[in-house]
Amino acid sequence: MDEHAAEAVTYPMVRAYVADRLPQIASEAGRGVVHAFIPQSHRPGGGRGDMFMPLKLYN
């Protein structure tokens, strides 16, 4: 950080920057998260005992 004259950089600032930048870097490298919609073949709550969970798909 000395070469950029950054003296007042705190850990939360770095953490926020990295959290924003990581998805961009992964996407640029072709490893980004794929956002997909999976249509249902039945009415929601149709008694099939469906489980809901977030999915992260990587290409």
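Residues numbered from 1 in each chain as written. Predicted model: local features only at pLDDT ≥ 70, side-chain atom pairs only at ≥ 80, totals over all residues. Heavy atoms only, no water.

### Structural notes on the overall build of the chain
For clarity, the threshold we go by: The helix count covers DSSP runs of H or I at least four residues long, the strand count covers runs of E at least two residues long, and both are numbered beginning at the N terminus. Each residue gets one of three labels from its accessible area relative to the maximum for its type: buried under 20%, exposed over 50%, partly exposed in between, using a 1.4 Å probe on protein chains only. Every accessible area reported is derived by Shrake-Rupley at a probe size of 1.4 Å, with residue values counting cover from the shown protein chains alone.
Summing up its helical and strand segments, the chain has one helix and two strands in all. If you list the helices and strands of the chain from N to C, you get α-β-β. Burial status across the chain gives 5% buried among its 59 residues. Element-wise, carbon and sulfur atoms account for 60% of the exposed surface of the chain, whose accessible area totals about 5,900 Å².

### Overview of helix 1 (residues 11-28)
To keep things clear, this is the line we draw: A helix's residues, less one, multiplied by 1.5 Å, set its expected span. Across the chain, bend at a residue is computed as the angle between axes fitted to the seven residues ending at that point and the seven starting from it.
Compared with an ideal rise of 1.5 Å per residue, which puts 18 residues at 26 Å, helix 1 spans 25 Å between its outermost C-alpha atoms and is within 8% of the ideal. Considering bend angle alone, the principal kink of helix 1 is centred on Arg-21 and spans about 30°; proline Pro-23 follows within four residues of it. Phi turns positive one or two residues past the end of helix 1, at Gly-30, with a value near 80°.

### Examining the confidence of the model for the chain
Low-pLDDT stretches of the model should not have their predicted coordinates read in fine detail. For clarity, the cut-off: pLDDT measures the predictor's confidence residue by residue and takes values from 0 up to 100.
This prediction gives the chain a mean pLDDT of 77; 75% of its residues lie at or above 70. When mean pLDDT is compared element by element in the chain, helix 1 scores highest at 89, while strand 1 (residues 33-34) scores lowest at 70.

### Some details on a nonpolar patch on the surface
Rules: The patch calculation keeps residues exceeding 30% relative accessible area without a salt bridge and links them within 9 Å when they carry like charges or within 5 Å when they are nonpolar (Val, Leu, Ile, Met, Phe, Trp, Tyr). A pair is scored as a salt bridge if a Lys or Arg side-chain nitrogen falls within 4 Å of a carboxyl oxygen belonging to Asp or Glu.
Nonpolar side chains collect at one region of the surface, where Val-9, Met-13, Val-14, Tyr-17, Val-18, Leu-22 and Ile-25 lie side by side and expose about 600 Å² of accessible area between them. Looking at the element boundaries, Tyr-17 is found in helix 1.

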